[in-house]
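# Breakdown of the fold
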Amino acid sequence: MSIELNNLTLVYEQHPAVHHVTATIEVGDLLAVVGPNGAGKSTLLNALAGLMSVEQGCIKGLNPNEVAYLPQQTQIDRSFPLTVAELVATGLWQSIGFQQSIGREQHTQCEDAIGAVGLQGFENRMINTLSGGQIQRVLFARVLLQNRPIILLDEPFNAIDAKTIADLTRVIQSWHQYKRTIVMVSHDLEYVRQHCQKTLLIARERIGFGKTLEVLTTENIKRAQRMCEAFDESANWCMKDVA
């Protein structure tokens, strides 16, 4: 099924962080969500991941059991004593349970996922010894292991090296080839222009949605920036008719 955002409003710290957004994400879309800092991009992704409640409107066609979510690195506690293999294996919790040990078949799946992101031989490395690019490869391996039809990526290429970006882009392209629905938050507009077919540009509300090159115009980008800069934290609650 397609995912429908219908007049969606999300609240963060008592203010609408995303408001009255309507869009349809089709099966197999590779959709970028872009906008200035404070535009509500990660908030929207958190709602799609089921990590926050909807204040107004609704999200239709989204089953939480069909979603794999890759958070920003800043949300990962790298001081926790885990090996690469152990962190990747957490991708199996939804299917085998939190307290179940993994068997030989699951162990092989973990090894295959680690190999697919170029980290063969790193299975027993502690995650606090990894570089930013290496930890991002680990998080991608975890998503691979979840094997879900809908994949949510929050700033997957923030502050990592070009080689890792190229390698992980190939992973995303393989997901897209197999008709996975991918929603990716990104601040890198040039990357989005090169690799994402569709874009949702937001500045708390929808500025543009559709084909990337038609959405990411200079006029739209400037409008989004002006709207975020003009946001008033003390403004009254806004009301609009259902779209």
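A brief structural summary. Worth saying up front: this structure is predicted, and the values here are computed from it rather than measured.

## Topic: the overall build of the protein chain
Counting its regular elements, the protein chain contains 9 helices and 9 strands. Relative to a compact globule of 243 residues, whose C-alpha radius of gyration would be 18 Å, the protein chain shows 19 Å and is just as compact. Taken along the three principal axes of its C-alpha coordinates, the protein chain extends 55 × 35 × 35 Å. Here the protein chain holds 243 residues, and the buried ones make up 45% of them. Partitioning the contacts of the protein chain with sequence separation of at least 6, the portion at a separation of at least 24 is 70%. Of the accessible surface of the protein chain, which amounts to about 12,500 Å², a share of 48% is contributed by carbon and sulfur atoms. Distance between charge centroids for the protein chain: 4 Å, based on 21 positive and 25 negative side chains.

## Notes on the nonpolar core
Leu44, Phe140, Leu152, Leu153, Ile172 and Trp175 are the most contacted members of the largest nonpolar core, which totals 70 residues. At 7 residues, the largest contribution of residues to this core is made by helix α5 (residues 132-146). Excluding anything up to four places from it in sequence, phenylalanine 140 contacts Leu70, Val117, Leu153, Pro156, Phe157, Leu168, Val171, Ile172 and Trp175.

## With respect to the environment of alanine 68
Along the chain, alanine 68 turns up in strand β5 (residues 67-70). For alanine 68, a relative accessible area of 0% gives the class buried. Separated by 82 residues in the primary sequence, alanine 68 and isoleucine 150 place their C-alpha atoms 6.3 Å from one another. Filtering out sequence-adjacent residues up to four positions away, alanine 68 remains in contact with Val143, Gln146, Arg148, Ile150, Ile151 and Leu152.

## Quick notes on helix α6 (residues 162-177)
The terminal C-alpha atoms of α6 lie 22 Å apart, and with 16 residues this matches the ideal 22 Å at 1.5 Å per residue to within 8%. Every buried residue belonging to α6 is among Thr164, Asp167, Leu168, Thr169, Val171, Ile172 and Trp175, and all of these are buried. Each element contacted by the buried residues of α6 is listed here: β3 (30-34), α4 (104-116), α5, β6 (150-154), β7 (181-185) and α7 (189-195). Positioned one or two residues after α6, lysine 179 has a phi angle of 65 degrees, which is positive.

## Points about the pairing of strand β2 (residues 15-25)
Of all 11 residues making up β2, 8 are buried, and the element is well covered by its neighbours. In this sheet, β2 lies alongside strand β1 (residues 3-12) in antiparallel orientation, the contact comprising 7 bridges. By the bridge assignment for β2, leucine 8 is matched with valine 21.

## As for the sheet that holds strand β4 (residues 56-60)
As summarised here, the arrangement of the 3 strands in space is β2-β1-β4, forming an open sheet in which the pairing is antiparallel. Of all strands in the sheet, those bounded by a partner on one side alone are β2 and β4. Here the average twist between neighbouring strands, direction ignored, is 25 degrees. Here 4 bridges tie β1 to β4, and the two strands are oriented antiparallel to one another. Its bridge partner being in β4, leucine 5 is matched across the sheet by isoleucine 59. Of the strands in this sheet, β1, β2 and β4 are in contact with helix α1 (residues 41-48), which crosses β1 at around 120 degrees.

Conventions and cut-offs
Residues numbered from 1 in each chain as written. Predicted model: local features only at pLDDT ≥ 70, side-chain atom pairs only at ≥ 80, totals over all residues. Heavy atoms only, no water. Helix = DSSP H or I, 4+ residues; strand = E, 2+ residues; numbered from the N terminus. Rg over C-alpha atoms; globule rule 2.2 N^0.38 Å. Buried < 20%, exposed > 50% of the residue type's maximum accessible area, 1.4 Å probe, protein only. Contact = heavy atoms within 4.5 Å. Areas by Shrake-Rupley, 256 points an atom, 1.4 Å probe, with all protein chains shown as cover. Lys, Arg positive; Asp, Glu negative; His and termini not counted. Charge placed at Lys NZ, Arg CZ, Asp CG, Glu CD. Core = buried A, V, L, I, M, F, W, Y, C linked by side-chain atoms within 4.5 Å. Expected span 1.5 Å × (residues − 1). Pairing = 2+ DSSP bridges. Axes fitted to C-alpha atoms, helices over the stretch in contact; angles between N-to-C directions.

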